[in-house]
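# Observations on the three-dimensional arrangement
So you can see what is in the structure, the chains are spelled out below.
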Amino acid sequence: MRALLKRLDTLCHPFPGIHVLGVATSALLITVVMLWPETSESETNAPGLPIPAIAKTVAKTILNDDPVFRVETETVQTGDSLSRLFSRQGLSAQQLLEVTRAESKALKLSRLNVGQTLEFRYDGEALKELAVIKTPFEQLVAVQDSEGQWQLEERVKEADIYIEHARARIDSSLFLAGARAGLPDNMIMELANIYGHVIDFVYEIRQGDEFIVTYEKRYLDGEFIEYGNIIAAEFINDGERYVAIRYTDTAGDTGYYDESGVSLRKAFLRAPLNFRRISSNFKLARKHPVLGLMRAHKGTDYAASTGTPVYAAGDGKVTYRARNGGYGKLVVIKHGNNIETRYAHLSRYGKYRVGSKVKQGQVIGYVGATGLATGPHLHYEFVVNGSHRNPRTVLDQLPKAKTLASDELARYRAVAEPLIASLEAQRTHAELALQTTAR
Ligand SMILES: [Zn+2]
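Residues numbered from 1 in each chain as written. Predicted model: local features only at pLDDT ≥ 70, side-chain atom pairs only at ≥ 80, totals over all residues. Heavy atoms only, no water.

Turning to the overall build of the chain, a few remarks are in order. A tally of helices and strands in the chain yields nine helices and 21 strands. Sequence-distant contacts in the chain: of pairs separated by 6 or more residues, those separated by 24 or more amount to 64%. (Helix = DSSP H or I, 4+ residues; strand = E, 2+ residues; numbered from the N terminus. Contact = heavy atoms within 4.5 Å.)

Now the structure itself:
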């Protein structure tokens, strides 16, 4: 058993920067460790589990840095144009004309963004290449051919994608927990977005909630460039476990799905407002305020500053948009036959009028304090067949979320299984570590 623990330890504690292949392999080995009798050493006979399909930049031309050129760099400032950059380089209007003649509808050098870098590459005094550095991975390059004609080409460098895991337990706030686990804020926001249809991050996060995130880090020539996608996650909220696996279907649509291939995008958002805007006030609720409030005044209050965008919780039709007594400025959306959502105390309305169709996430108004409100907040009601309900408790009766079709499902499983195994290994490892410390 000790050997097994030791192996789990090495598997679950990869060096920072285990390669894509590494994760697939470790997931595979973990599966083997779990299935094989512990005396067996036969992981060499491991069944060939597929490697998860990880999104990669498609190379058009792999960059070949030519060290022969002398490179002059220009950074685009406000008000800069290509002609201004050319004159800064001491190049003539005629040269600019020759270079830009190579532009097409799809490829345009002259469409510059402030802060962008351009490289003027010279052979002696002669301009041979002009590169617009779009991202560390992508360049649009004007190249002079042997006849002196200019051609435009896109050059793409392939990122080295490394997979890492982070695991955290929430003590006081989601963001603090994320920061302790070494995750940047925008990845925590991404995590909140992934689970935004399942968990209300304002009211339902509990002390002791846990999450594990498997994510990409993108490197170029051994140098860390940026964080990539969350490719798998597990969130334990109030004792319930929610798995999310990133998957791009055969039609090219990317989404997050649970173990059985059911989309995490549900018919309704759990909190119908911009979580980013209230995240700064984010505090853990000590008890369950939703239930208390539901009894008290049949709705959920989200404190947020005036002007915070309020989203349509689900697809539907606006059936009311006017002042209504204590509700102040009120918007009501009808979803199907029996569900209605109400948004009160708005400071102003979105662009959707009575009778308009709205899609989930479209802005139907802005937080305010109109009507009977002591301060700016959104008062949100979820009404099923005329009675007020807590949206979470009626989740099962709501329209079903998208489930992957059976032909898609086999492909999904091939991607998901190693990732789920890897999440499980992370958790098992953490539990083992906990037992060791407790001893
Ligand atoms: Zn209220």
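More follows now that the structure is in view.
Moving on to the packing of aromatic side chains. Enumeration over the complete set of coordinates arrives at 14 aromatic pairs. Geometrically, the ring pair formed by Tyr343 and Tyr380 is tilted, given 5.4 Å between the ring centres and 35° between the ring planes. One end of the pair, Tyr343, is in strand E16 (residues 339-346); the other, Tyr380, is in strand E20 (residues 377-384), and 37 residues separate them in sequence. Like Tyr343, the residue Tyr380 is buried in the burial classification. Taken together, Tyr162, Tyr215, Tyr219, Phe224 and Tyr227 form an aromatic cluster joined through their ring pairs. A cation over an aromatic ring shows up here: Lys329 above the ring of Tyr349, its NZ or CZ 5.6 Å from the ring centre. When the ring centre of Tyr366 is taken as reference, the NZ or CZ atom of Arg348 above it lies at 3.9 Å. (Phe/Tyr/Trp six-rings, centres within 6.5 Å; stacked < 30°, edge-to-face > 60°. Buried < 20%, exposed > 50% of the residue type's maximum accessible area, 1.4 Å probe, protein only. Lys NZ or Arg CZ within 6 Å of the ring centre and 35° of its normal.)

With respect to topology, three strands assemble into an open sheet ordered E13-E19-E17, the strand pairing being antiparallel. Strands with a single pairing partner mark the edges of an open sheet, and in this sheet they are strand E13 (309-311) and strand E17 (348-349). Across three bridges, E13 lies against strand E19 (residues 363-366) in antiparallel orientation. Bridge assignment links Tyr311 to a residue of E19, and that residue is Val363. (Pairing = 2+ DSSP bridges.)

What follows covers the pairing of strand E14 (residues 316-323). Summarising the sheet, E14 and strand E18 (residues 357-358) pair through two bridges and their orientation is antiparallel. Opposite Gly316, over in E18, you have Val358 as the bridge partner. Pairing between E14 and strand E15 (residues 329-335): six bridges, direction antiparallel. What sits directly across from Arg321, in E15, is Val331. Connecting E14 to the next strand, E15, in antiparallel fashion are five residues, including Gly325 with a positive phi near 45°.

Overall, antiparallel pairing links the five strands, which are arranged E2-E3-E4-E5-E6 in an open sheet. A strand with exactly one partner marks an edge of an open sheet, and here the two such strands are strand E2 (70-75) and strand E6 (150-156). Here the average twist between neighbouring strands, direction ignored, is 20°. (Axes fitted to C-alpha atoms, helices over the stretch in contact; angles between N-to-C directions.)

Quick look at the environment of Tyr320 now. By the secondary structure assignment, Tyr320 is in strand E14. You can call Tyr320 partly exposed: its relative accessible area is 28%. Put simply, Tyr320 and Leu330 are 10 residues apart on the chain and 7.3 Å apart in space, counted from C-alpha to C-alpha. A distance of 3.3 Å separates polar atoms of two side chains, one belonging to Tyr320 and the other to Asn324. (Polar contact = N/O pair within 3.5 Å; in protein donor to acceptor, adjacent residues only side chain to side chain.)

Our focus in this paragraph is the nonpolar core. Core analysis: the largest hydrophobic core is formed by 28 residues, its most contacted members being Tyr195, Phe211 and Phe235. Among the secondary structure elements, those contributing two or more residues to this core are strand E7 (160-169), helix H5 (174-180), helix H6 (185-194), strand E8 (210-220), strand E9 (223-237) and strand E10 (240-248). If you tally residues by element for this core, the top one is H6, at six residues. With residues up to four places along the chain from it excluded, the contact list for Tyr195 reads Phe201, Ala233, Glu234, Phe235, Tyr242, Val243, Ala244 and Leu264. Val202, Ala304, Ala313 and Leu346 belong to the second-largest nonpolar core, a separate cluster that totals 26 residues. (Core = buried A, V, L, I, M, F, W, Y, C linked by side-chain atoms within 4.5 Å.)

This paragraph deals with the confidence of the model for the chain. Summing up the model confidence of the chain, the mean pLDDT is 80 and the portion of residues at 70 or higher is 76%. Taken as a whole, residues 1-62 scores under 50 in pLDDT and shows 80 contacts with residues more than four places along the chain or in a different chain. Ignoring residues within four places in sequence, the model shows residues 279-296, a span with pLDDT below 50, making 35 contacts including any to other chains. (pLDDT = per-residue confidence, 0-100.)

It is worth spelling out the side chain of Gln89 at this point. Position of Gln89 relative to the elements: it lies in the loop between helix H3 (82-88) and helix H4 (93-100). Overall, the relative accessible area of 17% leaves Gln89 in the buried class.

With that out of the way, let us pick up the pattern of salt bridges. One pass over the structure, following the stated rule, counts 28 salt bridges. Across the pair Asp80 and Arg88 runs a salt bridge, and its minimum N-O distance is 2.9 Å. Note on Arg88: relative accessible area 41%, which makes it partly exposed. Among the salt bridges present, the one from Asp249 reaches Lys402, with a minimum N-O distance of 3.7 Å. Taken as a pair, Asp249 in the loop between E10 and strand E11 (254-257) and Lys402 in the loop between strand E21 (387-388) and helix H9 (406-438) lie far apart in primary sequence, 153 residues in all. (Salt bridge = Lys/Arg side-chain N within 4 Å of Asp/Glu carboxyl O.)

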